[in-house]
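# Residue-level structure breakdown
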Amino acid sequence: MNTNGEGDGILYKLVVVSDVHHNLARLERILPVINEADYLIFCGDGANDIMCVRGRITVPIICVRGNNDIGSNLTERVTTVFGNTRVLITHGHKQNVRQGMTNLLCLAKQIICDLVFFGNTHTYFDCVAYGVHFINPGALCNGTYALVAGDGVNFVSKMCIV
């Protein structure tokens, strides 16, 4: 795992998952991919599903709760840093991402994040707007997740189907 993040070509390898919605079969199918990464980023809706397999996950997990994670004690958003990039992880329902990206963009700008991982829409999305890179892995319950790699400055995303 890269910890210096100086843009030296060493990659952070992230698996980004959202919206599992009790589809444990798909989650279990990608466990080998998750365990080859540096981190699992979980953007909500299926926290109990992640907890069911967490004993078989060998990498650090960063989780937030989604609108369907009722009773979960997870937080609704997390900020972290990969290299020189400040990252926001959220489900997106509180920012009404199904109606557009404006509220999520405003939040990212307010808390000074350059990379945002979110879920909720069930649609893969990879876009840079106003200097903020937004990545939504889609919904694992529908068969999509994202592989994200970066050098601590620049990050690229690839949609994967399971």
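Keep in mind that this is a model prediction, so the values were computed, not measured. (Residues numbered from 1 in each chain as written. Predicted model: local features only at pLDDT ≥ 70, side-chain atom pairs only at ≥ 80, totals over all residues. Heavy atoms only, no water.)

Core analysis: the largest hydrophobic core is formed by 20 residues, its most contacted members being Val17, Ile34 and Leu40. Contributions of two or more residues to this core are made by β1 (12–17), α2 (31–35), β2 (39–42) and α3 (47–53). The greatest single-element share of this core, amounting to three residues, is contributed by α3. Contacts of Val17, omitting those with residues within four sequence positions, involve Ile30, Leu40, Ile41, Phe42, Cys43, Pro137, Leu140 and Tyr145. By size, the runner-up hydrophobic cluster in this structure holds 18 residues, among which are Val16, Tyr39, Ile41 and Ile62. (Core = buried A, V, L, I, M, F, W, Y, C linked by side-chain atoms within 4.5 Å. Buried < 20%, exposed > 50% of the residue type's maximum accessible area, 1.4 Å probe, protein only. Helix = DSSP H or I, 4+ residues; strand = E, 2+ residues; numbered from the N terminus. Contact = heavy atoms within 4.5 Å.)

Quick look at the sheet that holds strand β3 (residues 61–63) now. Pairing in this open sheet of five strands is mixed, and the strands run β3-β2-β1-β9-β10 from one edge to the other. Only two strands of the sheet have a single partner each, and these edge strands are β3 and β10 (155–161). For this sheet, the mean inter-axis angle between neighbouring strands, taken without regard to orientation, is 20 degrees. Both strand β9 (residues 144–150) and β10 contribute to a ladder of seven bridges, which runs antiparallel. The residue of β10 that forms the bridge with Thr144 is Ile161. (Pairing = 2+ DSSP bridges. Axes fitted to C-alpha atoms, helices over the stretch in contact; angles between N-to-C directions.)

Moving on to the layout of surface pockets. When its volume is computed, the largest pocket comes out at roughly 160 Å³. Taken together, His21, His22, Asp45, Gly46, Ala47, Asn48, Asp49, Asn68, Asp69, Ile70, Gly71 and Ser72 make up the lining of the largest pocket. Counted by class, the lining of the largest pocket contains two nonpolar, seven polar and three charged residues. (1 Å grid on protein atoms, 1.4 Å probe; cavity = no way out; pocket = protein on both sides within 12 Å on 5 of 7 lines; lining within 4 Å. Points joined across faces, edges and corners; volume = space filled by probe spheres on them. Nonpolar A, V, L, I, M, F, W, Y, C, P; charged D, E, K, R; others polar.)

Of the strand pairs in this sheet, strand β7 (residues 124–129) and strand β8 (residues 132–137) are connected by six bridges, and their pairing is antiparallel. Bridge pairing in β8 places Tyr124 opposite Pro137.

Below, the discussion takes up the sheet that holds strand β4 (residues 77–82). The strand order across the open sheet formed by five strands is β4-β5-β6-β8-β7, and the pairing between neighbours is mixed. For this open sheet the edge positions go to β4 and β7, each flanked by a neighbour on one side alone. The sheet shows a mean angle of 15 degrees between the axes of neighbouring strands, taken without regard to direction. Alignment of strand β5 (residues 85–90) against strand β6 (residues 115–117), held across three bridges, turns out to be parallel. Within β6, the residue paired with Leu88 across the bridge is Val116. Strands in contact with helix α4 (residues 102–110) are β4, β5, β6, β7 and β8; relative to β8, the strand with the most contacts, it is inclined by about 125 degrees.

Turning next to the packing of aromatic side chains. Here the structure, examined in full by the defined rule, presents four aromatic pairs. Relative to Phe125, the ring of Phe118 has its centre 6.2 Å away and its plane inclined at 70 degrees; by these criteria the two rings are edge-to-face. Since its relative accessible area comes to 29%, Phe125 is described here as partly exposed. Grouped by ring-pair contacts, the aromatic residues Tyr12, Tyr39, Phe82 and Phe155 constitute a single cluster. (Phe/Tyr/Trp six-rings, centres within 6.5 Å; stacked < 30°, edge-to-face > 60°.)

When a strand is regular, its side chains alternate between the sheet's two faces. Inspection of the sheet shows β4 paired to β5 by six bridges, in the antiparallel sense. Bridging across to β5, Phe82 finds its partner in Thr85. Counting the residues in the hairpin turn of β4 and β5 gives two residues, including Gly83, whose phi is positive at 65 degrees.

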